[in-house]
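Residues per chain, in single letters:
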Amino acid sequence: MNAHAPLPSTECGVSVRAEHGQRAVFCGLTGIVWLHRKIQDAFFLVVGSRTCAHLIQSAAGVMIFAEPRFATAIIDERDLAGLADMNEELDRVVTRLIERRPDIRLLFLVGSCPSEVIKLDLSRAALRLSRRLAPDVRVLNYSGSGIETTFTQGEDACLASLVPELPEAATTDELLVVGALADVVEDQFARLFSDFGIAARFLPARRAGQMPPVGRGTRFLLAQPFLADTARALEERGARRIAAPFPLGAEGTTEWLRAAAEAFGVDPARFEAVTAPGLRRSRQALAAYAEKLAGKRVFFFPDSQLEVPLARFLSREMGAELIEVGTPYLHRGHLAAELEWLPDGTAVVEGQSLDDGLDRCRLARPDLTVCGLGLANPLEAEGLTTKWSIELLFTPIQGYEQAGDLAELFARPLERRARLEV
Ligand code: SF4
C-alpha cells in the first residue's frame, strides 16, 4: 500500500510531498564505476553475490583484458547457510589481491545485501586487515547494499568513510571541494579558484596519500547534491559548509563559485574578471540548444538525487517546463538555494511510489522523461522520449565548459525522436 504524506511546502513556493512505495533505482554499488576511476590507487572489493558482480561489471562495461580496480568476493550459498567462516575467506581473498596488486594503497570493503543478510561485520574486518597491511595499505569499509542505499548514496557512504581518516588541518585558509568530479572538471575548477587567490583541495583526491586535511575552520563546498553523510562527518570534524547551489549550467556554476569567493573575501571585481570568459562561453554553448529545449515538458523520476539542480537548470536556463521533479531524498538544507530557484508551484516528490509515478507520467505524456535504465525501455516502447539519469553521473557535466554538453544530453533524445517521427 502506498502512503502519501503531504509535507509543508518550502518557503519558496515549491510544493514538496513525500511518497512511499516500490522503488526502481540502482543500489549504491553503482558508485564504484566512477569512484574507481577517480582514486587511482584504490581498489573496491565488493563482498557480495554474483548478482552484485554482474551489476558492476555490466555498469562499468569492463572488458576481459582490462585490469579493473574493483572485484567481488563472492558469498555463495554455503556461506549464506553459515557453514563457512566468511572472515577467513575474506582475509584469504584480500591477501591474494594485495600480493597480486602491490599498487593498491587504499582498499574499500564494500558491503552488499548478502553481506548484510549474513551480518558480516565489515568494519571489524577492515580494522583487522588494516592492522595487518599497514602502513602500505589502508582498509576502509562502507555499504553499497540495495537495502541501505540507492545509486549515488554509494559515493556518499564511500566519502563519509574517508572523513575520519583525513589528516588534521594545520591552517584554516583552504577551501575543500567535496564530491567526485571528472578530472577535467576538477582541473578547470582548481584553475578558477587559483585565479581568485583561493587554495582549494578536493575530496576525494586522486591518490590515497594525497587526501586533503580537515579541521576546525575548514570551509567546504559540495560539488554534488547527494553527500548528506559526508557533509555531516565533515561538520563533526569542525568543518563548515558554504551554502550554495550546484555547479550545473552557466548560472549554477557562477553562483557556486560566487559562494566560495564571498566566503573567502574575494574582491567582486576580481570575481567578475575571472569568471567572465567562462560565463560567456557557457552562455554561447547553451544558446545552441535553447530552441530545442524551450517549452519542452519534462518529468523526472527519482533516481540520482541530481534531479532538483537539473530541473532548475532546464527550467531557468533552457526554458523547459517542469511537470514533476521526483527525487529519492531531498536534503532541504543542501538544496535550499536550488529549491528557491524552481518556479513557484513546481511539484517536487520525495521518495517513490513507482506505480503512481508511472500513472502520472503516462497521463502527462511529457516531451522528455528523465529516469533510470529499468524504466527507460518500457516508456520508450510506449512512445515516450527518455533520458537515462545514469548518464548524468558518467558524463562530465559540471562547470562552464561542460554546460553545453549538459544541455546536449537532454536535447539528443528529443532530436532522435524527431528523426524517427519524420
Ligand atoms: S548490493 Fe543488493 S541490490 Fe545491489 S547488486 Fe548486490 S544484491 Fe543487488
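Residues numbered from 1 in each chain as written. Predicted model: local features only at pLDDT ≥ 70, side-chain atom pairs only at ≥ 80, totals over all residues.

### So, the overall build of the protein
We apply this condition: Per the convention used, a helix needs a DSSP run of H or I reaching at least four residues, while a strand needs a run of E reaching at least two, with both numbered from the N terminus. What the globule rule says is 2.2 Å times the number of residues to the power 0.38, and the radius of gyration is computed from C-alpha atoms. Contact between two residues is assigned whenever their backbone-derived C-beta positions fall within 7 Å.
Secondary structure assignment for the protein yields 17 helices and 15 strands. Taking 22 Å as the expected radius of gyration for a compact globule of 422 residues, we find that the protein reaches 22 Å, a close match to that expectation. For the protein, the proportion of contacts with a sequence separation of at least 24, taken over those separated by at least 6, is 72%.

### A few points about unusual backbone geometry
What counts here: Counting other C-beta atoms within 10 Å of a residue's C-beta gives its exposure: the residue is buried at 20 or more, exposed at 12 or fewer, and partly exposed in between, where C-beta atoms are placed from the backbone.
The amide bond that connects Ala134 to the next residue, Pro135, takes the cis arrangement and shows omega of 0 degrees. By secondary structure assignment, the location of Pro135 is in the loop between α6 (122-133) and β6 (138-143). With an omega dihedral of 5 degrees, the bond running from Leu203 to Pro204 counts as a cis peptide bond. As for its position among the elements, Pro204 is in the loop between β8 (199-203) and β9 (219-222). Despite not being glycine, Phe151 shows a phi value in the positive range, around 30 degrees. Residue class for Phe151 comes out buried when judged on the 26 C-beta atoms lying within 10 Å of it.

### Re the sheet that holds strand β5 (residues 106-111)
Cut-off, in case you're wondering: At least two DSSP bridges between two strands are required for those strands to pair. Think of each axis as a best-fit line through the C-alpha atoms, taken over the contacting stretch in the case of a helix, with angles from 0 to 180 degrees between the N-to-C directions.
Reading across the sheet, the four strands line up as β4-β3-β5-β6 and stay open at both edges, with parallel pairing between neighbours. Each edge of the open sheet carries a strand with a single partner, namely β4 (70-74) and β6. With strand direction ignored, the average angle separating the axes of adjacent strands in the sheet is 25 degrees. Where β5 and β6 come together, six bridges link them in parallel fashion. Residue Gly111 lies in a different strand from β6, and its bridge partner there is Ser143.

### Here's the deal with the site of the ligand
Rule in force here: We count a residue as near a molecule or strand when its backbone-placed C-beta atom lies within 6 Å of that partner. Gly counts as polar in this scheme, as do all residues outside two lists: the nonpolar Ala, Val, Leu, Ile, Met, Phe, Trp, Tyr, Cys and Pro, and the charged Asp, Glu, Lys and Arg.
Inspection of the region around the ligand gives Cys27, Leu29, Gly48, Ser49, Thr51, Cys52, Leu55, Ser112, Cys113, Gly144, Ser145 and Gly146 as its neighbouring residues. Its residues placed into classes, the shell around the ligand shows five nonpolar, seven polar and no charged.

### Re helix α10 (residues 249-263)
Test applied: Multiplying one less than the number of residues by 1.5 Å gives the expected span of a helix.
For α10, built from 15 residues, the straight-helix expectation of 21 Å at 1.5 Å per residue is met to within 8% by its first-to-last C-alpha distance of 21 Å. Of all the positions in α10, only Gly249, Ala250, Glu251, Gly252, Thr253, Thr254, Trp256, Leu257, Ala260 and Ala261 are classed as buried. Where α10 is buried, its residues contact β7 (174-178), α8 (183-196), β9, α11 (268-293), α12 (307-316) and α17 (403-421). Positive phi shows up at Gly265, right after α10, with a value of about 65 degrees.

### Comments concerning α12
Since the α-helix advances by 3.6 residues per turn, residues separated by three or four positions end up pointing in the same direction. Burial analysis of α12 places eight of its ten residues in the buried class, the great majority of the element. All buried positions along α12 are accounted for by Glu307, Val308, Pro309, Leu310, Ala311, Arg312, Phe313 and Leu314.

### Let's talk about the nonpolar core
Which entries qualify depends on this criterion: As used here, a nonpolar core is made of buried Ala, Val, Leu, Ile, Met, Phe, Trp, Tyr and Cys residues. They are joined through C-beta atoms within 7 Å.
Counting 121 residues, the largest nonpolar core has Leu45 and Phe108 as its most contacted members. For this core, the leading source of residues is strand β3 (residues 42-48), giving six residues.

### Let's talk about the domain arrangement of the protein
Stated precisely, the cut-off is as follows: Note that the domain bounds reflect an automated or database-derived domain assignment.
Segmentation of the protein into domains returns domain 1 (3-24 + 289-421), domain 2 (28-149) and domain 3 (174-270). Placing a centre on the C-alpha atoms of domain 2 and another on those of domain 3 gives a separation of 29 Å. With ten residues of domain 2 at the contact, the number on the domain 3 side is six residues. With three residues, helix α1 (residues 32-38) is the largest single contributor of residues to the side of domain 2 that touches domain 3.

### Describing the sheet that holds β9
Pairing is parallel in the open sheet, where four strands are placed in the order β8-β7-β9-β10. The open sheet has two edge strands with one neighbour each: β8 and β10 (240-241). Sheet topology places β9 next to β10; two bridges connect them, and they run parallel. From the neighbouring strand, Phe220 faces β10, where its bridge partner is Arg241.

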